[in-house]
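# Secondary and tertiary structure notes
Residue-level listing of the chains:
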2 protein chains.
Amino acid sequence: MSHIKNLIPSTVNPDLQKERTGAEFDVEEFSAWWHGGQDKLKRKREIEEAIFSDLEDGYGLNHEYMSHEEVYNSTVKKVAEAAVKLKALQNKLNPGGTDIWPGGLYNAQSYGLFPANHPVATHITMFVDVIKGQGTAEQAEKWGKAAANCNIIGTYAQTELAHGTNVRGLATRADFDPKTDEFVLNTPNLEAYKWWPGGLGHTANHAMVVAQLYIADVHHGVQMFIVPLRDSETHMPLPGVDIGEVGKKLGMASVNQGFLGLDHVRIPRTNMLMKFAKVERDGTFKASPASRINYLTMVYTRCLIVSQNSMLHLAAATIATRYSAVRRQSPIEPNQPEPQIIDHVTQRLKLFPEIATGIAYHLATEYVWEMYDQTVLEANNGKFERLPDMHILSCALKVLCTTDGCAGIERLRLSTGGHGYLIAANLSNIYGNAVAAYTYEGENTVLLLQIGRALVKAWASFVEQKPLSASYSYFATSMQLKEFPKWDDSWQCIIKALQYTAAHKTRIAFENLANRMASGQSQGAAANNTGIELTRAAELHGRQFVCQTFLEQITGAKAQKRSPALNRILENVLELFLVQTVLNNLNDILRFINLSDADLRSLQKRLEDALERFRPNAVAICDGFGFHDRVLNSVLGSYDGNVYPRLFDSAKRSTMNQKPVQTSFETHLKPLMKAKL
Amino acid sequence: MSHIKNLIPSTVNPDLQKERTGAEFDVEEFSAWWHGGQDKLKRKREIEEAIFSDLEDGYGLNHEYMSHEEVYNSTVKKVAEAAVKLKALQNKLNPGGTDIWPGGLYNAQSYGLFPANHPVATHITMFVDVIKGQGTAEQAEKWGKAAANCNIIGTYAQTELAHGTNVRGLATRADFDPKTDEFVLNTPNLEAYKWWPGGLGHTANHAMVVAQLYIADVHHGVQMFIVPLRDSETHMPLPGVDIGEVGKKLGMASVNQGFLGLDHVRIPRTNMLMKFAKVERDGTFKASPASRINYLTMVYTRCLIVSQNSMLHLAAATIATRYSAVRRQSPIEPNQPEPQIIDHVTQRLKLFPEIATGIAYHLATEYVWEMYDQTVLEANNGKFERLPDMHILSCALKVLCTTDGCAGIERLRLSTGGHGYLIAANLSNIYGNAVAAYTYEGENTVLLLQIGRALVKAWASFVEQKPLSASYSYFATSMQLKEFPKWDDSWQCIIKALQYTAAHKTRIAFENLANRMASGQSQGAAANNTGIELTRAAELHGRQFVCQTFLEQITGAKAQKRSPALNRILENVLELFLVQTVLNNLNDILRFINLSDADLRSLQKRLEDALERFRPNAVAICDGFGFHDRVLNSVLGSYDGNVYPRLFDSAKRSTMNQKPVQTSFETHLKPLMKAKL
């Protein structure tokens, strides 16, 4: 076994190398397209070289062996060190920009620096932004700069122990005291404790507290208040502040999510964010003129989630695909060597549709980002027509991307067999990071019900022949058809079929809702009882949108900027995605569209053909996503494919393997073995 | 906030109490039925009282805050203490039995004692059993007794770093040396290291090593060898033994799975298990006359998995259902108080089908256990006809139960919203324990392909009008029909529809396989290319079986032993399960069976009605499963429903909350905050 020294070869696994050599397109072209241009790709690589090259061995896994406290303290050290490094790099490469500092604290690279996430993430992504977006100029000057430089560290405290998605149910109160010109913030009971804010446990010394505003016992809705939590010198909690962390979670081990109880804590009136709603010195309340603006913040956050989650989905796909090219198991032909498992058709079905799905959501997000920029532009000119559409589409995208992505990540983990169960594969950690988004920023079912209600409202307008916004235009084109036309093999046919099905599902939800109300149910009860149909219609509405945008991004004018070879690859990805979407939704489609046995056989054949054509390019497509090994952080998915040496190496690093016999042998195991039970 | 002292009330949450009061059946009757009789239920409660009542507070969560090493050492202590306690209890309550000792180390109660599992589990469930089943009388005397009393601790070392499900690919060698009458065990390369055996890392001092037997370089298949690993006094690894743990995993934190390399390690010839195959002193090899017997072991293990996993599925359902009765969120009627979330129809759809599914698999396993006992009886009389059927059905049950159960546990976790993300909810831990079974004892896709191949083989016999075993009899009844008869609302209609669909899916897989071979593909390539259809046919074969057995267990002669009230409840569970199964498989069913729009509306209505009827009994049904709070180990799912106090209490116990300021504040956070970045 002497060959098991010097574990990790400096060469690439030959099976993986063979895959790269056999690819039918130029990976560099793919990668430049994927990253938005050659320049951006180059910059990304430069940054990664700078921030990852000096990390010690085991950086990404060490925390897994530590106690809960050690994980936290070691991560704070990592953040403090990274902050200095990122800031310097930003000044060097792109002074005044934000792509490296603070970008490196929350973008894709941050997964390489902080595999268990970190406790300053909420500060950077929410506290700083909310002050900028909702604070007055004075507030931005006073708090915003200090926050941006980490002179103070904040968090965003909205969710309570007993209230999440239903923000109106929050119970934390802020009462204005005109005598002292202060707000008194109070947590009336245990259920109203703030719960979940990142960094709240032991890191932040300020919180943006979302509370019900009362002036002379008159309620003025939910507002935001900057509340100091800890002494800036000693970090001790301030009087009236009951604070701690919520305990260990399924993922995000280092985020230090906390709880917060406030016992009549007083803050100056000027600590309420007042860019929109205002409380004046005499207690006069001025409502916000711009409730629609808040929509934009939600849309922005949901687009961010889709970007992040599709990235995590594709990271998992990269790990599983590379592993499937290296792992050999179960002969296809008796007496032949075992094949790469990527050659089993059932394995291809586990891998390639996930890659296609991740790409679909990535492209849909790009589309929605463009639409978002357009909407912001219009909103700045006082035009808000596009906003409700934007809102519903971003909800649908968030729901579908997190639902499909999380289920996909877990399927990918399972596709790697036993080794995927190891933390060192990093697939469970990716899942833990991704799946939180299923719940936050609007729990997925709650969002689907919102979308469903918007759909039946739109359907009512459609029935009454009122004007409809663009995203519902397929209602008309679908309902013009007496029945769905003859099935053909075109992509347009698939899009139309999904739209036709979505329109009819909406019709049925609308009819059932109306019938229930006609039979005497209240609107609330009828909507609740129609919940299953509403959510299903909402899902299909989202799916036709994702398919439609995918088609436009691949076949539209943008295709001409890409080489024919790359377009051939992308068209096959599209084909796979569309065919899979049809096959996965046949239970609804077949209700409205009569597909013959020949049509169904043809779809099955198209699926198998698309998988077959995908095969030689799968590894290269994953390479094209350009994940740095530090970001993947996986013994199964590294670029060099040295799977078994890396598995063994990671085991050897386990703290338990640093000594041959554990202390419990003498204290408990040996006595058990020597006892006469 | 003074009311937040003395956190956990001694009363039951009133919403939960109301559910119990409103149940329409006698929970005690359900529970006695579920546990196989009033006596067994009483015994179970007696045992739980004895083994759980003196555990300290936080027993089930403390390990989550420890370092990897501490988790291990504290668990060894727990095992050593439990062993003494369980053995004494066994002697007191049922001398000579095995239900408490060693049963308590692997049955449902063991989850209460060892929430992160433990490193002696593989010893008890495999090492001891394999010696008993495959060893000679002398071997049982020499090793079996010492193992049963934990004087030696073993593990079962089969899987290797590069070989899992494909046992024939194992590369560890055992060469017979006639000069010394020994076997020489050797690990030829890194890929052949044993990997995964529970307790192998630092606990076991023996291993049952599965290796390729060679005598004078002639191969004699895979055999089992007892290999001493560690010195019995010092526990140091013996010469030639490279041993350690594989590193942290997604679940089973305390199982201490290990790796093992053997460098020409010598053991006496008599250390090979020789009840069946034999190597004599002169090197003569006698093959096993009873390869079919091995089938029975596999069947047994898979039935055990289904028992365990359906139990875990229902534990998760109990937690989520109780939480859903306590949690209030999102008004159904505007200006009304927020309802229990169990009143949202979409929430019911997340909960009740999981309960029904867990019950279905539990009942299917009971059926298969009976069939298993019958098969063992027949096998002892030399009759093996039933064995292949048993094998295929147990494979199908294992695949479906772990697939549906694991996905279900995660859906249930997501149904509890944010709080399910907390470790203290225990849903992620239940998932981690359950999902390993997706891969071990035959990876699920590999098993589906096996079942699929058995199906097309059976189809070939059917086409040739050869006799078929009972489990394929639906081929004939289905194919006699020219087309599927008019849809009606009976359960029989649903069963027939599933069988009809399964038969036609098998037919299509068979035809495609034949066509591919006719077009010149080898049998191996054709089978691989038909993989998607084979696995789908296999799945449907399993589903019709589970539905059929559920129907028989609920409506058959056994129903007469239950009260009409209980039967009404169970019939609704059956109704829900059958309707859901149809709706979830419509994409295949609609291909072969023409359901009208009215039929589909009727199915949707049946689903909604079944959910509605389920509502008042959901909590009580979960109570009927009889999970002890220690086994559920969940702040969301305890019997008293004090969800928020328990959430807060668990947070307060976090090691990080024992001091207000962490050490990294002075060392890194404060310097960051004082720095001018």
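Since the structure is predicted, the reported quantities are computational estimates derived from the model, not experimental observations. (Residues numbered from 1 in each chain as written. Chains lettered and ligands numbered in written order. Predicted model: local features only at pLDDT ≥ 70, side-chain atom pairs only at ≥ 80, totals over all residues. Heavy atoms only, no water.)

### Some words on the overall build of chain A
- When helices and strands are tallied, chain A shows 23 helices and eleven strands.
- In terms of C-alpha radius of gyration, chain A reaches 27 Å, essentially the compact-globule figure of 26 Å for 677 residues.
- Each principal axis of the C-alpha atoms in chain A carries an extent, and together these give about 90 × 80 × 65 Å.
- Here chain A holds 677 residues, and the buried ones make up 63% of them.
- Considering only contacts within chain A whose residues lie at least 6 apart along the sequence, 73% involve residues at least 24 apart. (Helix = DSSP H or I, 4+ residues; strand = E, 2+ residues; numbered from the N terminus. Rg over C-alpha atoms; globule rule 2.2 N^0.38 Å. Buried < 20%, exposed > 50% of the residue type's maximum accessible area, 1.4 Å probe, protein only. Contact = heavy atoms within 4.5 Å.)

### Some details on the relation of the copies chain B and chain A
- Least-squares fitting of chain B to chain A yields an RMSD of 0.0 Å, with the superposition described by an axial translation of 0.0 Å and a rotation of 180°. Seen this way, the second copy is the image of the first under a two-fold rotation axis.
- Comparing contact sets, 100% of the residues at the interface of chain B also lie at the interface in chain A, consistent with an isologous, same-surface contact. (Least-squares fit on C-alpha atoms with pLDDT ≥ 70 in both.)

### What to know about the interface of chain B and chain A
- Listed as interface residues are 151 residues of chain B and, on the opposing side, 151 residues of chain A.
- Between chain B and chain A, the buried area comes to about 12700 Å², and carbon and sulfur atoms account for 60% of it.
- The interface formed by chain B and chain A holds 18 salt bridges in total.
- Residue Glu233 of chain B is joined to Lys674 of chain A by a salt bridge in which the shortest nitrogen-to-oxygen separation is 2.7 Å.
- Joining chain B to chain A, the criterion identifies 66 residue pairs in polar contact (both at pLDDT 80 or more).
- Top contributing element to the side of chain B that touches chain A by residue count: helix H4 (residues 68–93) of chain B, with eleven residues.
- In terms of residue class, the side of chain B that touches chain A is built from 64 nonpolar, 52 polar and 35 charged. (Buried area = accessible area lost by both parts, 1.4 Å probe. Salt bridge = Lys/Arg side-chain N within 4 Å of Asp/Glu carboxyl O. Polar contact = N/O pair within 3.5 Å; in protein donor to acceptor, adjacent residues only side chain to side chain. Nonpolar A, V, L, I, M, F, W, Y, C, P; charged D, E, K, R; others polar.)

### A word on the UniProt feature "domain: Acyl-CoA oxidase/dehydrogenase middle" (unreviewed entry) in chain A
- This chain's UniProt record puts "domain: Acyl-CoA oxidase/dehydrogenase middle" (unreviewed entry) on residues 156–264 of chain A.
- Here residues 156–264 of chain A is 0% helix and 41% strand, with 19 Å between the C-alpha atoms at its ends. (UniProt positions renumbered as here; feature names shortened; annotations may be inferred.)

### Things to note about the environment of Ala157 of chain A
Residue and element names in this part refer to chain A.
- In this fold, Ala157 is placed in strand E1 (residues 156–157).
- Residue Ala157 is classed as buried on the basis of its relative accessible area of 0%.
- For the pair Ala157 and Phe225, spaced 68 residues apart in the sequence, the C-alpha separation amounts to 9.6 Å.
- With residues up to four places along the chain from it excluded, the contact list for Ala157 reads Lys194, Pro197, Ala207, Met208, Val209 and Val210.

### Examining the UniProt feature "binding site: FAD" (unreviewed entry) in chain A
All names here are of chain A.
- Per the UniProt entry, the sites bearing "binding site: FAD" (unreviewed entry) are Thr159 and Gly198 in this numbering. These annotated residues cover 40 residues of sequence, but their C-alpha atoms sit close together, with the largest distance between any two at 11.2 Å.
- Mapped onto the fold, Thr159 is located in the loop between E1 and strand E2 (173–177).
- In this view, Thr159 contacts Gly164, Tyr193, Lys194, Trp195 and Trp196; residues no more than four positions away in its chain are not counted.
- By the element assignment, Gly198 lies in the loop between strand E4 (194–195) and strand E5 (206–215).
- According to the relative accessible area criterion, Gly198 is buried, its value standing at 5%.
- With residues up to four places along the chain from it excluded, the contact list for Gly198 reads Pro119, Thr122, Thr155, Val255, Asn256 and Gln257.

### Section: the sheet that holds strand E4 (residues 194–195) of chain B
- The three strands lie next to each other as E4-E8-E7 (chain B), forming an open sheet whose pairing is antiparallel. In this open sheet, the two edge strands, each paired with only one partner strand, are E4 and strand E7 (241–245) of chain B. (Pairing = 2+ DSSP bridges.)

### Quick look at the packing of aromatic side chains
- Under the definition given, this model contains 56 aromatic pairs over all chains.
- Ring geometry for Phe648 of chain A and Tyr193 of chain B: centres 4.8 Å apart, planes at 75°, overall edge-to-face. A residue pair is termed interchain when its members come from two chains, as with Phe648 of chain A in helix H22 (residues 643–653) and Tyr193 of chain B in the loop between strand E3 (182–186) and E4. Like Phe648 of chain A, the residue Tyr193 of chain B is buried in the burial classification.
- Here Trp34 of chain B and Phe625 of chain B contribute two aromatic rings whose centre-to-centre distance is 4.9 Å and whose plane-to-plane angle is 50°, an arrangement assigned as tilted. Of this pair, Trp34 of chain B sits in helix H2 (residues 27–34) while Phe625 of chain B sits in helix H20 (residues 618–625); the two residues are 591 residues apart in sequence, bridging distant segments of the chain. Comparing Trp34 of chain B with Phe625 of chain B, the two get one shared label, buried.
- Ring pairs connect the aromatic residues Phe25, Phe30, Trp33, Trp34, Phe625 and Phe627 of chain A, which therefore count as one cluster.
- Across from the ring centre of Tyr639 of chain A, 3.6 Å away, lies the NZ or CZ of Arg20 of chain A, which sits over that ring. (Phe/Tyr/Trp six-rings, centres within 6.5 Å; stacked < 30°, edge-to-face > 60°. Lys NZ or Arg CZ within 6 Å of the ring centre and 35° of its normal.)

### Remarks on the domain arrangement of chain A
All names here are of chain A.
- As assigned here, chain A comprises domain 1 (152–289) and domain 2 (294–622).
- Measuring from the centre of the C-alpha atoms in domain 1 to the corresponding centre in domain 2 gives 37 Å.
- Between domain 1 and domain 2, the residue contacts involve four residues of the former and eight residues of the latter.
- Note on domain 1 versus domain 2: buried area summed over both sides is about 440 Å², and carbon and sulfur give 68% of it.
- Among the residues of domain 1 in contact with domain 2, Thr165, Leu250 and Met252 are the three that bury the most area, contributing 87% of the side total.
- Connecting domain 1 to domain 2 are zero salt bridges.
- In this assembly, domain 1 and domain 2 are joined by zero residue pairs in polar contact (both at pLDDT 80 or more). (Domains from an automatic or database assignment.)

### With respect to the pattern of salt bridges
All names here are of chain B.
- This structure, assessed with the given rule, holds 101 salt bridges over all chains.
- One salt bridge connects Lys85 with Asp54, and the closest N-O pair in it is separated by 2.7 Å. Taken together, the residues span a long stretch of sequence, with Lys85 in helix H4 and Asp54 in the loop between helix H3 (38–52) and H4 at a distance of 31 residues.
- The partner of Asp623 in a salt bridge is Arg322, and the shortest N-O contact between them spans 2.8 Å. Within this pair, whereas Asp623 is found in helix H20, its partner Arg322 is found in helix H8 (residues 291–326), the two being separated by 301 residues in sequence. The residues Asp623 and Arg322 share a single accessibility class, namely buried.

### Comments concerning the packing of helix H2 (residues 27–34) of chain A against helix H20 (residues 618–625) of chain A
All names here are of chain A.
- It is at 8 Å that the axes of H2 and H20 come closest, and there the two elements cross at 40°. One way to sum up the angle between H2 and H20 is to call them oblique. Classified by chirality, the crossing of H20 by H2 is right-handed. Touching Val27, Phe30, Ser31 and Trp34 of H2 are Ala620, Ile621, Asp623, Gly624 and Phe625, all from H20.
- Across the contact of H2 with H20, the residue classes tally to six nonpolar, two polar and one charged. (Axes fitted to C-alpha atoms, helices over the stretch in contact; angles between N-to-C directions. Parallel < 35°, antiparallel > 145°, perpendicular 65-115°, else oblique. Left-handed = near helix turned anticlockwise from the far one by under 90°.)

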